[in-house]
Amino acid sequence: MQKSELLNPEELAVFEDLLIFAKTTVQGFYSGKHRSPWFGESAEFMDYKEYYPGADASKIDWKIYRKTGRLYFKLFAEETDMPVYLIVDKSRSMIYSKDKELSKYSLAIKIAAALTHLLIQQGDKVSLTLFDKKISSHTASGGTKNHATKLIRDLAKSKPMNRTDINNAIDECVWLFKKRGKVVIISDFMDWNENLFDSLSKFLHRNHEVLLIHVLNDNELALPTSGMANFIDLETAETIQVNVEEIRENYQKELKKFTDNLAFEATNRRIDYFLVNPINPYINALESFLTFHTKSKNRKS
Amino acid sequence: MSSLTFSNFFFIGLLAPIIFIPIVIHLLNKKFPDVIHFSSIHFIKAALRRKSRLFKLRDWLMILLRMLILCFLVFIFSKPNLEVFGSSKIINKKRELIILFDNSLSMQYEKGGITPFKKGIIEIEKILSTATGSDLVNIVNTGPVPIPLESESTVQITTLISRLRNLKPRESTADFSAAIAWALAHFQSKSNLKEIYIVSDFQRQTWGKVKLPHFDGQCFYVNVGSAQGENLAIMNASLENSLLLKDEPINLEATIGNFSEKEKTIPVSILVNDIKILSQEITLTPWSTIQKTFTFHIKKAGNYHGAISIPDDYLKADNRFYFTINIKDKEKILIITDEENNAENPAFFLIKALNPYGQNEGNYLPEVISLSALSPISLTGIAKIFISRIEQFSPEKLMFLKQFILNGGSVVYFLDGKVDAENLIKMEGDFENLKLSARISTKQNASKQGFGARKFLKGDFNSPFLKIFDGAHREKLSHLKFYEYYFSATNNEKGVLLYYDDNSPALFMEAYGQGKILFCNFSVNELESNIARHDVFPVWIQEITRNLTNSQTATQIYELYQSAIFSTDSAKLVKSKILAPDGTVLTDKSIVSNTPGKIRIKFEQQGIYRIELPHKEELAGVNVTTLESDIRSVDLHRLPKSSNKPETLNLVSGASDYNAIKEGLPLFHYLAISLLMLMAFEVGFQWYCKGKT
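### Overview of the overall build of chain A
Link 1 in the chain: Helix and strand counts for chain A stand at 9 helices and 10 strands.
Link 2 in the chain: Within the span of chain A, comprising 301 residues, buried residues form 50% of the whole.
Link 3 in the chain: Working note: accessible area of chain A is about 14,900 Å², and carbon and sulfur atoms make up 51% of it.

As structure tokens, then:
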């Protein structure tokens, strides 16, 4: 193992946490549910299911019909070669945390870790790209457990440092992601501008399917409780003094306008958008991904 | 302008800084704001752009509002009091309260079961309850003479209240000018907070001329009078004739007042020796006094006491007026003449006129003496003298006559002597300040008939001496002819009662001292006039004699709390007994001055006093003052104002006012309500601002 790949004790603790977290979250997510959320036509046979009116007649196993006189169709575990590209924002704005709670970045990498674990377990290939003003690291797609471990280690190692330039990062990603796949971007989109969707459209042109997972903190949604406060921008270090109570309502309106606009633009371009609910963020994120995955399958079929 | 005082003044200094907390917080917030590292200030900037421009102003308004709330809070803790009634309170300074309590008759006006006097006691107790341990108080019982309940102001409130409760109501006037002067003299050179409280019904007679001199204190008026009161009163009663003889008509002239806005018809009763002898209904117009004469007779000589009364109203004391009547059996009349008593002399005709029945049968008993026999002894028991044809006055005799008239004696002087012109000049010379209304010169003799007989031409028929010639009887005068008389001329028309047809005075009257002199410029001798032969003569002489009576001797009427001196010899005085109207015997202590031969009695009760001397009883009628009968108050806004704050008229009433004088008007509850309102406004304002941002 190269020296650069070694984790320091702190990173190691984060890595172990992430690993355990990913496993427990995914297991917890599936407990009480069907083993596999999706079924397809892969070679791996899973089960028979009696035909029911309206089911796809092309999937009827006529051999069984001949032997038993009853109509069954075979169920296979889905197998696809579409990789999932996880793009995680590691700009400085992601450092923000409410008081001493988990930072947005911690939340983002935990969601990424859980998705990685889920996807690798399902036999999908996953790649991980970290960016700020440009791509800071990229790991090509893979489908082994070792690959998953590597990705999670990468996540654990990473630290938010620079300003964001999401457009630039996406433009770079478009050239990196050769194979058609599913692009999942986890970011606070604080660097959002009108060109973002132009950049994202490039993914669409290359037949990628895109999911935006928007990570925001409680305080970002409603502003922290304070009187007069000096707000320092984590990315630009710009300072502004305001009476929080004075602007809270306007701020909330502005932020809602921003998220609504983001959702609206995404819908217009058949991009999935999901704003993580801070109350139960991981399960929500996994569910949003599964919804996105199901929808993409339906679109394909 | 009213100012504020604070019961907890130290709280102001202690808590005042907290008023500035909002502004300090605001400034500290600006100076030391929270530092928040935030993901992006992009949206904060956007929010700021949308912020209302008024927000900053609102911010300052909110700060001001909060400062105001804290200000009110500090005020509430400091227990502020608004100075009222012009009080210039200095914290912790000793007060001295002098209460001038009206104890006049009008304070006895009992309406609704309570008198202003009783109300006054209640109010004074409330005033006294505001006095704290070191405060000095005194009460002045304000009657005709102010009498303080304590010689010096005291801190013993309980003792003072006890004395106040034992105070007896008086039925006289109240001299508030004297009471105020007493209070100011008492205050002099004292550095206490000086407060005068005047507890009164502010009856207009009492308060009409009261002034409040400048002093460095405050004067407060407590009105305890009835708001709308009406009163009827007998203001006065007097007998028209001074010396009353049995069976002669007695005219009692009474003044009755109606002090109400309604016309009243009431029965008036006259009682003699407690027996009603007359009752008559009279009508009184609103706000008026009328004079009414009541005539009655008493058949026997003696000392009588009488009363004139009207039905009781809210002020009972002035509904009854007491008087005395001294009825004499006969009156001795002295006739002075220096001519022999024969049928040709005027004295003969005068005797016949005064006592036409002879012996002791008439009311008048004439006695003839010469001028030389005139002496104080001969004048004892004599009230009336007739003079006719006398010699010249010697200085001694003239002095006797002068003293007689000065002491209330009356003289009828017939100018029919030879030296009357000289006598009149002597009288004018010896009687100080006597100016005769007519002067006489020489006498017209009957032998010189060239001038002819004189007749009466005109006269003052309103005079009681000529009343018998009123109306149809006037004609009788025209039958009278006078042959001998003095040539005369008028000095002063006022005193001339009758004129001859040549406009010369025939009858003129002079008042001198307590007595009267009636000069008749004619003679009753039948050779000198025909008057003696005329049937009008005895009647006229009797009428003149009756009207010569001095009214002061007719009845003994006194005002309550007055003193009177009764004369007797000292031996009899020891055995004398004085009975008050309620029947109690006045002890020696009640006799204020006990000089030999004279006793002075101070009348403390309304009614008839009996002074029983051996073989003699004197009566005195004692009545309340009539100055208090009109119970209307003065216009309270015209009461004398405080001299050091001339815009302030301190009309106060009730415990809250008295406490306000002491401590100011407590503002706690007003401030508490204001504070709550301000807080509610602050919440509302915040809510409003939130909606606008």
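That covers the picture; the talk isn't over yet.
### Remarks on the environment of Cys-520 of chain B
Residues and elements named next belong to chain B.
Link 1 in the chain: By the element assignment, Cys-520 lies in strand E26 (residues 515-520).
Link 2 in the chain: Taking the C-alpha atoms as reference, Cys-520 lies 9.8 Å from Ser-388; in sequence the two are 132 residues apart.
Link 3 in the chain: Beyond its immediate stretch of four places on either side in the chain, Cys-520 contacts Val-412, Tyr-413, Phe-414, Leu-415, Ala-506 and Leu-507.

### Observations concerning the packing of helix H5 (residues 116-129) of chain B against helix H6 (residues 157-165) of chain B
Residues and elements named next belong to chain B.
Link 1 in the chain: Where H5 meets H6, the closest approach of the two axes is 11 Å, and the angle between their N-to-C directions is 175°. Here H5 lies roughly antiparallel to H6, going by the angle between them. Residues Ile-121, Ile-124, Glu-125 and Leu-128 of H5 touch H6, and the partners they reach there are Ile-157, Leu-160, Ile-161, Leu-164 and Arg-165.
Link 2 in the chain: Here the contact of H5 with H6 is built from residues that sort into 7 nonpolar, no polar and 2 charged.

### Examining the sheet that holds strand E34 (residues 665-666) of chain B
All names here are of chain B.
Link 1 in the chain: Judged by pairing direction, the sheet is antiparallel, and its 3 strands sit side by side in the order E1-E3-E34 without closing on themselves. Strands at the two margins of the open sheet, each flanked by one partner only, are strand E1 (4-6) and E34.
Link 2 in the chain: Across 2 bridges, strand E3 (residues 80-82) lies against E34 in antiparallel orientation. Each bridged residue has a counterpart across the sheet, and for Leu-82 the counterpart in E34 is Leu-665.

### Points about the sheet that holds strand E24 (residues 496-500) of chain B
Residues and elements named next belong to chain B.
Link 1 in the chain: In spatial order, the strands read E18-E17-E19-E20-E26-E25-E24-E22; together these 8 strands make up an open sheet with mixed pairing. Every interior strand has two partners, whereas the edge strands, strand E18 (364-369) and strand E22 (456-459), have only one. Taken pair by pair, the neighbouring strands of this sheet meet at an average axis angle of 20°, ignoring direction.
Link 2 in the chain: Here E24 pairs with strand E25 (residues 505-512) via 3 bridges, running antiparallel. In the sheet register, Tyr-499 faces E25, and the bridge partner there is Pro-505.
Link 3 in the chain: Packing of helix H9 (residues 346-354) onto the sheet brings it into contact with strand E17 (331-336), E18, strand E19 (384-388) and strand E20 (410-414), and relative to E17 it is tilted by some 170°.
Link 4 in the chain: Packing against the sheet, helix H13 (residues 536-547) makes contact with E17, E18, E19, E20, E22, E24, E25 and E26, and its axis sits at approximately 135° to E19.

### Focus on the side chain of Ser-40 of chain B
Link 1 in the chain: Structurally, Ser-40 of chain B is set in the loop between strand E2 (34-38) and helix H3 (42-50).
Link 2 in the chain: Looking at Ser-40 of chain B, its side chain comes within polar contact range of the main-chain nitrogen of His-42 of chain B, at 3.1 Å.
Link 3 in the chain: Sequence-distant contacts of Ser-40 of chain B, that is, excluding residues within four places in its chain, are made with Met-190 and Asp-233 of chain A.

### Some thoughts on the interface of chain B and chain A
Link 1 in the chain: Contacts between the two partners involve 23 residues from chain B and, on the opposite side, 32 residues from chain A.
Link 2 in the chain: Both sides together, the interface formed by chain B and chain A hides about 2,900 Å², and carbon and sulfur atoms give 63% of it.
Link 3 in the chain: Sorting the residues of chain B by area buried against chain A places Phe-38, Ser-39 and Phe-43 of chain B first, and these three jointly supply 25% of that buried surface.
Link 4 in the chain: The tally of links from chain B across to chain A stands at 1 salt bridge.
Link 5 in the chain: Residue Lys-45 of chain B pairs with Glu-238 of chain A through a salt bridge whose shortest N-O separation is 2.5 Å.
Link 6 in the chain: Our enumeration of links across chain B and chain A arrives at 10 residue pairs in polar contact (both at pLDDT 80 or more).
Link 7 in the chain: Where the side of chain B that touches chain A is concerned, the elements lending two or more residues are helix H2 (21-31), E2, H3 and helix H4 (55-77) of chain B.
Link 8 in the chain: With 7 residues, H3 of chain B is the largest single contributor of residues to the side of chain B that touches chain A.

### What to know about the environment of Tyr-499 of chain B
Residue and element names in this part refer to chain B.
Link 1 in the chain: With respect to the helices and strands, Tyr-499 occurs in strand E24.
Link 2 in the chain: Here the alpha-carbon distance between Tyr-499 and Asp-460, two residues 39 residues apart in the chain, equals 9.2 Å.
Link 3 in the chain: Residue contacts for Tyr-499: discarding those within four places in its chain leaves Lys-455, Phe-456, Leu-457, Lys-458, Thr-490, Glu-493, Ser-504, Pro-505 and Ala-506.

### A look at the pattern of salt bridges
Link 1 in the chain: On inspection of all chains with the given rule, the structure shows 32 salt bridges over all chains.
Link 2 in the chain: Across the pair Arg-269 of chain A and Glu-265 of chain A runs a salt bridge, and its minimum N-O distance is 2.6 Å.
Link 3 in the chain: Arg-454 of chain B serves as the salt-bridge partner of Asp-501 of chain B, at 3.7 Å between the closest nitrogen and oxygen. On the criterion of sequence distance, the pair formed by Asp-501 of chain B in the loop between E24 and E25 and Arg-454 of chain B in the loop between strand E21 (438-444) and E22 is long-range, its members being 47 residues apart.
Link 4 in the chain: Residue Asp-501 of chain B is classed as partly exposed on the basis of its relative accessible area, which comes to 37%.
Link 5 in the chain: Overall, the relative accessible area of 13% leaves Arg-454 of chain B in the buried class.
Link 6 in the chain: Taken together, the shared-partner salt bridges in this structure form one network comprising Lys-104, Asp-188 and Glu-220 of chain A.

The rules behind each value
Residues numbered from 1 in each chain as written. Chains lettered and ligands numbered in written order. Predicted model: local features only at pLDDT ≥ 70, side-chain atom pairs only at ≥ 80, totals over all residues. Heavy atoms only, no water. Helix = DSSP H or I, 4+ residues; strand = E, 2+ residues; numbered from the N terminus. Buried < 20%, exposed > 50% of the residue type's maximum accessible area, 1.4 Å probe, protein only. Areas by Shrake-Rupley, 256 points an atom, 1.4 Å probe, with all protein chains shown as cover. Contact = heavy atoms within 4.5 Å. Axes fitted to C-alpha atoms, helices over the stretch in contact; angles between N-to-C directions. Parallel < 35°, antiparallel > 145°, perpendicular 65-115°, else oblique. Nonpolar A, V, L, I, M, F, W, Y, C, P; charged D, E, K, R; others polar. Pairing = 2+ DSSP bridges. Polar contact = N/O pair within 3.5 Å; in protein donor to acceptor, adjacent residues only side chain to side chain. Buried area = accessible area lost by both parts, 1.4 Å probe. Salt bridge = Lys/Arg side-chain N within 4 Å of Asp/Glu carboxyl O.

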